[in-house]
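Observations on the three-dimensional arrangement
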Amino acid sequence: MPYATIRYAVDEAVATITLDRPDKLNAFNAEMHGELADALGRVGADGARALLITGAGRGFCAGQDLGDRRGDATPDLGDTIERLYNPLIRRLRALELPVIAAVNGAAAGAGMSLALACDLALAARSASFLQAFARIGLAPDSGSTWFLPRLVGAQRARALALLGEKLTAEEAAAWGLIWKVVDDAQLLPEATTLAKRLAAAPTRALAGIKRALDAAWDNSLDAQLDLERDLQRAAGRTADYAEGVTAFLEKRPAEFKGK
Ligand code: T3D
């Protein structure tokens, strides 16, 4: 199904979502939220084993389209967060396959939250990250207050959110906010190579890794050891594990099917 505000394609088991409102630096509007919800519901069911998210034009995503907020003096932003932004982040984090952000330009406000919610973020050298919220009288949303301190520590998280200063891609990589910074021309090729590599990996095991690492923030060591046991029990029953061990013993590359 064609979309108006995003592009969605699957190639070699990699699904790619391109946010596609370039004249607004791919800012979110209600239509984009609806289309993203639809596309995220398709990922996996169409054979994809990795998801890549990027932006069209010179921006990644500038957060909420502020043009849509013009003229409403007392909007209920809790309502849009509840109906649109929180479900987006929850859907994304619940995906049982690896999600890569290829941050091609400015990632601001909830657009930065979106990048942080992905499993791995690569950024073009010219990209930037901005907790734009306080600049317009808001507090961060869409998970930024959860992701930021976990990724960069309490002090840097506070500075980013309170000061609302732009962080360059290189600073973001040095701070551990993102996985890697690459030259602009290399962003999509590198992100696609990474996505294909992950799409050929044992998908069930990767889903277990994601689940365990997410749970680790809140679990005691005891609870985490129990979770690891349960996830390993499930992994041990997958065809990919059988293939991994057989391939090792036969001294050949494994051919994982994501089963
Ligand atoms: O409302 C709710 O439901 C609550 C949820 C809120 C979530 C949020 O995300 S709140 C935060 C909203 N986002 C922002 O405050 C960021 C606003 N944008 C910027 O600060 C800057 O545009 C950037 C730092 C991202 C990039 O700066 P720059 O200089 O590279 O580009 P620019 O010239 O500012 O923007 C280019 C065009 O995109 C421009 O349009 P024009 O003048 O060429 O017609 C600009 O107006 C437009 N644009 C950029 N961001 C937004 C936007 N239009 C609408 N909404 C935007 N967020």
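Up top is the structure these notes are about.
In this report, we go over the structure that sits alongside the text. (Residues numbered from 1 in each chain as written. Predicted model: local features only at pLDDT ≥ 70, side-chain atom pairs only at ≥ 80, totals over all residues. Heavy atoms only, no water.)

**Details of the sheet that holds strand β4 (residues 59-61)**
We apply this condition: The pairing criterion is simple: DSSP has to find at least two bridges between the two strands. Strands here mean DSSP runs of E at least two residues long; helices mean DSSP runs of H or I at least four residues long; both are numbered from the N terminus. Contact definition: two residues touch when any of their heavy atoms are within 4.5 Å. Geometry is summarised by axes, namely lines fitted to C-alpha atoms with helices restricted to the contacting stretch, and by angles between N-to-C directions that run from 0 to 180 degrees.
Spatial strand order, β4-β6-β8-β9: 4 strands in an open sheet with mixed pairing. Strands at the two margins of the open sheet, each flanked by one partner only, are β4 and β9 (167-168). In this structure, β4 lies alongside strand β6 (residues 106-108), joined through 2 bridges in parallel fashion. Pairing of G59 across the sheet is with A106, part of β6. With respect to the sheet, helix α3 (residues 110-117) is in contact with β4, β6 and β8 (128-130), its orientation differing from that of β6 by roughly 100 degrees.

**What to know about the pattern of salt bridges**
Where charged atoms from two side chains of opposite charge come close, those side chains can pair. Cut-off, in case you're wondering: The salt bridge definition used is simple: a Lys or Arg side-chain nitrogen within 4 Å of an Asp or Glu carboxyl oxygen. Type-normalised accessible area, obtained with a 1.4 Å probe on protein chains alone, sets the label of each residue: buried when under 20%, exposed when over 50%, and partly exposed for intermediate values.
For the structure on display, the rule yields 17 salt bridges. The salt bridge partner of K196 is E12, with a shortest N-O separation of 3.5 Å. With a gap of 184 residues between them, K196 in helix α7 (residues 187-199) and E12 in the loop between β1 (6-11) and β2 (14-19) connect regions that are remote in the sequence. D218 is paired through a salt bridge with R150; the nearest N and O atoms lie 3.7 Å apart. Of this pair, D218 sits in the loop between α8 (203-216) and α9 (221-236) while R150 is found in helix α4 (residues 144-152), placing the two residues 68 residues apart along the sequence. By relative accessible area, D218 is classed as exposed at 59%.

**Details of helix α10 (residues 239-249)**
How we decide: An arc is given here, and it is the one of the directions from the helix axis to the C-beta atoms.
Taken as a whole, α10 has its buried residues at D240, E243 and A247. Looking straight down α10, one finds that the buried residues subtend no more than 60 degrees of arc, so they occupy a single side. Of the exposed residues in α10, the ones pointing more than 90 degrees away from its buried face are F248 and L249. Looking at the packing, one finds that the buried side of α10 touches α8. Phi turns positive, to about 55 degrees, at K251, one or two residues after α10.

**Thoughts on helix α5 (residues 154-163)**
Taken as a whole, α5 has its buried residues at A157, L160 and A161. Buried residues in α5, looked at end-on, bunch into an arc of 90 degrees, giving them a common side. Facing away from the buried side of α5, by more than 90 degrees, are the exposed residues Q155, R158, L162 and L163. On its buried face, α5 is in contact with α4, β9 and α6 (169-175). The first or second residue beyond α5 is G164, which carries a positive phi of 60 degrees.

**A word on the site of the ligand**
Note the cut-off: A single heavy atom is enough: if one lies within 4 Å of a molecule or strand, its residue is considered near that molecule or strand. Polar contact criterion, stated in full: a pair of N or O atoms within 3.5 Å, where within protein one must be able to donate a hydrogen and the other to accept it, and residues adjacent in sequence count only if both atoms are side-chain atoms. Here, Shrake-Rupley sampling with a 1.4 Å probe gives the accessible areas, and only protein chains in the shown set may cover a residue.
The full set close to the ligand counts 25 residues, and R58, Q64, R69, T80 and A110 are the nearest of them. The side chain of R58 places a nitrogen or oxygen atom 2.9 Å from an oxygen atom of the ligand. A distance of 2.9 Å is found between a nitrogen atom of the ligand and a backbone nitrogen or oxygen belonging to A62. Protein chains shield 68% of the accessible area of the ligand, which is 1,100 Å² for the free molecule.

**A short note on unusual backbone geometry**
In this structure, E12 is a non-glycine residue whose phi angle is positive, near 50 degrees. Under the relative-accessibility criterion, E12 is labelled exposed at 55%. Positive phi is not limited to glycine here, since S142 has a value of about 60 degrees.

**With respect to a nonpolar patch on the surface**
Worth spelling out the cut-off: What makes a patch is a set of residues exposed beyond 30% relative accessible area and free of salt bridges, joined within 9 Å when like-charged and within 5 Å when nonpolar (Val, Leu, Ile, Met, Phe, Trp, Tyr).
A cluster of nonpolar residues, Y241, V245, F248 and L249, forms a patch on the protein surface that exposes about 470 Å² of accessible area. Looking at V245, the relative accessible area reads 34%, which means it is partly exposed.

**Here we look at the side chain of N104**
In this fold, N104 is placed in the loop between β5 (99-103) and β6. There is a polar contact of 3.5 Å between the side chain of N104 and the side chain of T54. Setting aside its immediate chain neighbours within four residues, N104 contacts T54, G55, A56, G57, R58, G59, F60, A124, S126, A127 and L187.

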